[in-house]
Amino acid sequence: MNNAYFDFKEPKNEPVKSYAPGSPERKALQEALAEMKSQQVDIPMYIDGQEVRSGNKKEIRPPHETGHLLGHFHASDEEHVCDAIDAALAARESWANMNWEHRAAIFMKAAELLATKYRYKMNAATMLGQSKNAFQAEIDSACELVDFFRFNVYFLSQIYKQQPISPEGFNNRMEYRPLEGFVLAVTPFNFTAIGGNLPACMAMCGNVVVWKPANTQVYSAKVIMDILIEAGLPAGVINLVYPSGPVVGEICFSHPYFAGVHFTGSTGVFQTMWKSIGANIDRFKSYPRIVGETGGKDFVFAHPSSNVDAVVTALARGAFEYQGQKCSAASRAYLPSNISQEILDKLVAEVGTMKMGPVDDFTNFVNAVIDEKSFNNIAGYLDNVKNGNGDAKILCGGNYDSSKGWYIEPTVILTTDPSYVTMCEELFGPVLTIYVYEADNWKEELEIVDSTSPYALTGAIFSQDRYAIEYMTKKLVNCAGNFYINDKPSGAVVGQQPFGGARASGTNDKAGSILNLYRWLSARTIKETHVPVTNYRYPFHQPD
Ligand code: NAD
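Residues numbered from 1 in each chain as written. Predicted model: local features only at pLDDT ≥ 70, side-chain atom pairs only at ≥ 80, totals over all residues. Heavy atoms only, no water.

J.: Can you break down the overall build of the chain residue by residue, with the values?
T.: Check the secondary structure of the chain and you find 16 helices and 23 strands. A globule of 544 residues ought to have a C-alpha radius of gyration of about 24 Å, and the chain, at 25 Å, matches this closely. The C-alpha extent of the chain, read off along each of the three principal axes, is 85 × 70 × 50 Å. Across the 544 residues that make up the chain, the buried fraction comes to 56%. Within the chain, contacts between residues separated by at least 24 positions form 77% of all contacts whose residues are at least 6 apart in sequence. Of the roughly 23,000 Å² that the chain leaves accessible, carbon and sulfur atoms contribute 51%. In the chain, 48 positive and 60 negative side-chain charges are present, and the distance between their average locations comes to 4 Å. (Helix = DSSP H or I, 4+ residues; strand = E, 2+ residues; numbered from the N terminus. Rg over C-alpha atoms; globule rule 2.2 N^0.38 Å. Buried < 20%, exposed > 50% of the residue type's maximum accessible area, 1.4 Å probe, protein only. Contact = heavy atoms within 4.5 Å. Areas by Shrake-Rupley, 256 points an atom, 1.4 Å probe, with all protein chains shown as cover. Lys, Arg positive; Asp, Glu negative; His and termini not counted. Charge placed at Lys NZ, Arg CZ, Asp CG, Glu CD.)

J.: Can you lay out the site of the ligand for me, pointing to particular residues and giving the numbers?
T.: Taken together, the neighbourhood of the ligand is formed by 26 residues, with Thr187, Lys212, Ser266, Thr294 and Glu426 sitting nearest. Contact between the ligand and Phe189: an oxygen atom at 3.2 Å from a main-chain N or O atom of the residue. In this structure, an oxygen atom belonging to the ligand sits 2.9 Å away from a side-chain N or O atom of Lys212. In isolation the ligand offers 850 Å² of accessible surface; the protein chains occlude 84% of this area. Secondary-structure elements contributing two or more residues to the shell around the ligand are helix H8 (245-252), strand S10 (258-264) and helix H9 (267-279). Across the shell around the ligand, the residue classes break down as 14 nonpolar, 9 polar and 3 charged. Counting only domains with at least three residues in the shell around the ligand, you end up with domain 1 (99-162 + 173-294 + 506-527) and domain 2 (298-485). (Near = heavy atom within 4 Å. Polar contact = N/O pair within 3.5 Å; in protein donor to acceptor, adjacent residues only side chain to side chain. Nonpolar A, V, L, I, M, F, W, Y, C, P; charged D, E, K, R; others polar. Domains from an automatic or database assignment.)

J.: Give a detailed account of the sheet that holds strand S4 (residues 57-60), specifying residues and quantitative values.
T.: Reading across from one edge, S1-S5-S4 is the order of the 3 strands in this open sheet, with mixed pairing throughout. Each edge of the sheet is formed by a strand with only one pairing partner; in this case those strands are strand S1 (41-43) and S4. In this sheet, neighbouring strand axes are inclined to one another by 25° on average, regardless of whether the strands run parallel or antiparallel. Contacts between helix H7 (residues 218-230) and the sheet are confined to S1, S4 and strand S5 (71-74), with S1 contributing the most and set at about 75° to the helix. (Pairing = 2+ DSSP bridges. Axes fitted to C-alpha atoms, helices over the stretch in contact; angles between N-to-C directions.)

J.: Please set out the domain arrangement of the chain residue by residue, giving values where relevant.
T.: For the chain, the assigned domains are domain 1 (99-162 + 173-294 + 506-527) and domain 2 (298-485). Computed from C-alpha coordinates alone, the two centres of domain 1 and domain 2 are separated by 30 Å. On the domain 2 side, the residues contacting the 17 residues of domain 1 number 19 residues. When the two sides are added together, the surface that domain 1 and domain 2 hide from each other amounts to roughly 1,500 Å², 60% of it contributed by carbon and sulfur. The largest per-residue losses of area from domain 1 upon contact with domain 2 belong to Ser131, Gln136 and Phe189, which jointly make up 31% of the total buried on that side. Among the elements of the structure, helix H4 (119-130) and helix H5 (134-161) are those that each provide at least two residues to the side of domain 1 that touches domain 2. Among the elements that make up the side of domain 1 that touches domain 2, the one with the highest residue count is H4 (4 residues). Partitioning the side of domain 1 that touches domain 2 into residue classes produces 6 nonpolar, 9 polar and 2 charged. (Buried area = accessible area lost by both parts, 1.4 Å probe.)

J.: Any chance you could break down the packing of helix H1 (residues 24-37) against H4 for me, citing the residues and the numbers?
T.: At a closest axis distance of 9 Å, the pairing of H1 and H4 adopts a crossing angle of 60°. On the basis of the axis angle, H1 is oblique to H4. For H1 against H4, the interelement crossing comes out right-handed. Contact with H1, carried on its side by Glu25, Ala28, Leu29, Ala32, Leu33, Met36 and Lys37, involves Tyr120, Lys121, Asn123, Ala124, Ala125, Met127 and Leu128 of H4 and no other residues of that element. Within the contact of H1 with H4, the residues separate by chemical class into 10 nonpolar, 1 polar and 3 charged. (Parallel < 35°, antiparallel > 145°, perpendicular 65-115°, else oblique. Left-handed = near helix turned anticlockwise from the far one by under 90°.)

J.: Any chance you could break down the side chain of Thr267 for me, citing the residues and the numbers?
T.: By secondary structure assignment, the location of Thr267 is in helix H9. A relative accessible area of 12% places Thr267 in the buried class. A polar side-chain atom of Thr267 sits 3.3 Å from a polar atom in the side chain of Thr294. Leaving out residues up to four positions away in the same chain, Thr267 has contacts with Thr294, Gly295, Tyr455 and Ala504.

J.: Break down a negative patch on the surface for me, citing the residues and quoting the values.
T.: Negative charge collects at one region of the surface, where Asp77, Glu78, Glu79, Asp83, Asp86 and Glu250 lie side by side. For the negative patch, the element with the highest residue contribution is helix H2 (residues 78-97), accounting for 4 residues. Positionally, Glu250 belongs in helix H8. Among the residues examined, Glu250 registers a relative accessible area of 58% and is labelled exposed. (Patch = residues over 30% accessible without salt bridge, like charges linked within 9 Å, V, L, I, M, F, W, Y side chains within 5 Å. Salt bridge = Lys/Arg side-chain N within 4 Å of Asp/Glu carboxyl O.)

J.: Now, about the sheet that holds strand S20 (residues 458-462): what can you tell me, with residues and values included?
T.: Strands pair in a sheet through their backbones, by hydrogen bonds, and they do so in one of two ways: parallel or antiparallel. Ordered by their spatial adjacency, 7 strands build an open sheet running S14-S17-S18-S13-S12-S20-S21, and the pairing between neighbours is mixed. Two strands lie at the open edges of the sheet, namely strand S14 (392-396) and strand S21 (482-485), each paired on one side alone. Put simply, the sheet's adjacent strands are angled 20° from each other on average, direction ignored. Alignment of strand S12 (residues 298-302) against strand S13 (residues 330-336), held across 4 bridges, turns out to be parallel. By the bridge assignment, Asp298 is partnered in S13 with Ala330. In the packing of helix H10 (residues 308-320) onto the sheet, contacts are made with S12, S13, strand S17 (411-415), strand S18 (431-437) and S20, and the angle to S13 comes to roughly 160°. On the sheet, helix H11 (residues 340-352) packs against S13, S14, S17 and S18 and is oriented at approximately 165° with respect to S18.

J.: For the packing of aromatic side chains, give the residues involved together with the corresponding values.
T.: For the structure shown, the criterion picks out 21 aromatic pairs. Centre to centre, the rings of Tyr19 and Tyr120 are 6.5 Å apart; their planes meet at 80°, and the pair counts as edge-to-face. Of this pair, Tyr19 sits in the segment before H1 while Tyr120 sits in helix H4, and the two are 101 residues apart along the sequence. The same class applies to Tyr19 and to Tyr120, which are both buried. Grouped by ring-pair contacts, the aromatic residues Phe8, Trp100, Tyr160 and Tyr176 constitute a single cluster. Taking NZ or CZ as reference, Lys132 lies 4.4 Å from the ring centre of Tyr322, over its face. (Phe/Tyr/Trp six-rings, centres within 6.5 Å; stacked < 30°, edge-to-face > 60°. Lys NZ or Arg CZ within 6 Å of the ring centre and 35° of its normal.)

Structure below.
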C-alpha cells in the first residue's frame, strides 16, 4: 500500500578524491589495479537476470599494454538480441507498476555501492579497459555515475510532482508512464558514466532496456551490471548484450515494440540509426523517441584581451586530458596575433612536461588511445601534416608508437588555413590545431568559428573585456550547447552544467538533467468530474 508522498532531496555532487601520494584512496586503487591485472575475467551477457555465454569470446586488453590479457567477453548474435528484447518485454508490466519509491531505492543503493564498496574496482576497470589515469577515472566512473544515479532520482521526483490545475468540481492529474515497449541504450567507449547512465535513467522512469555498450567498454560495463544487480535491479529490466552495431540496429529498429533509442557516439552512426528508424516508421506501435549525443569539434577562442596563462592551461587540459578522447575536448583554437606567440611558447613548454605511459604509473598524464582503429586514424592525420599536405606544421608531438600500446604523443598543429582538415574534422585524439588571427579582426573571426564545422557541442571564449564577452556570447549563440567563459570547454558536472550539443552534435536532450528524463516518459492526463452534467444543452442556445 502506498499511502504517503515520498520526498527525495536535492543531492550534492559526489566529492572527487585526490589520489595524492600517501592518501588511502591511492593505496586502495593501486591494490584494485594489481588484483584485476592478476586475473582474467570471463564476462557474460546478462539477459533476463541470467549470465549468458555464447562461446564466441573476444579478448580484452589494456590499450596502453596490449601484451596483457585482462580476459574475454562473450559476443552476442541475433538470437541474443531477440532474447534480450523478449526478456525486457516480459519484465515490463511488473517494473512499470512498481511504486516509484522502490524503483528509486534501487538506484540510490547503486549510487551508495559505487561511492563506497565498488569505487576502486570501478575506477580500476575504467583505467585498465579504457586507459584513463586515476583522476580521469575518478571523475568519470565514480563521481559522475554516482551523480547521474542520485540526481536523476531527484529530477524524476520533481517531474512526478508536476500536476495540472483542477478547478472546483474536477480533479485533473498527470501520470508519467514509461514508454510502451522496450528501449535501446547504445553507449560509447569514452565515458563509463555514460555507459551506466543511458540505460539506468530510462529504467528509472519505468522502462525496460536492451543495453549495447561499445566493445571497448565491456570491462567496466560488467562492474556497472554487478552493482545494479547487487542494488536489487529485477531480472529483465536492463539486459546487457554485445552484438555488432548493425545487428542490434537491424533487429531493434524493426521490432513493433521498439519505443526509443538513447545513443551517445559518433554522428555518422547516429544518422544511420535515424535513417533505419525512419524507414521502418510504419512498423512501430508508437513513434520511437530518438535521443543522440554525438560528435564535436570543440573550440577555444581567445580574444585579444585574454589572460595568457588561463588560455594556456585551458588548452593543455582541454585538449589532452584523456588523450583528447572527450566529446568536449578542445581540438581547434583561435589565438589573436598580439598574444599568440606567448601562448604558443608557453603551451609547447607545458605539453613537453606531459608524461605518457601506462595508467598504473600515476605520474603519467597521458595514456593510450582506445584501439588500433583510432590509432591508425589519428596517425594518418599526423602523417598528412608531416608530408606537407596543406598549410600546417607540427609545433610539438606528432610521433606515435604501437609497440607496447596505442600511444600518440600530445600534438599541437599550427595552421595558416582556418579550414585546414584538422580544424574541421573530429579526430578524437590528443591533437590540437591552432590558427592565429589578426587581433584587430576578432569580430570577423567569429564568423569562421561559427561556420567551420557542422558540430555545435562545446566551445570556450577567453577575454577580460566584458563588452567583448557579451558580444561573443551573443554572436556564437548556436555554436555550442555547452559554452564556457574563461574556462576550458570540457569537464561538465552533473547538476551544474547539463550536457549536450546541437547541430550535428546531437538532439541536445542534456543527459543528467530533467530535460532528458522527459524523453523517456509518456504522460497520461486524467480528468475526473465529480458530479457529471446530465443535460447536453448550454445556456447560449436557449431562445431570448
Ligand atoms: P561510435 O559511434 O563508434 O560507437 C558508439 C556506439 O555505437 C558503440 O556501442 C558502437 O558499438 C555502436 N555502433 C557502431 N556502429 C553502429 C551501428 N551501425 N548501429 C548501431 N550501433 C552502432 O563512438 P565511440 O567511438 O564509442 O565514441 C566516440 C564518439 O562519441 C565521438 O564521436 C564523440 O564525440 C562521441 N561522444 C559524444 C558525447 C556527447 O555527449 N555528445 C559523449 C561521448 C562521446
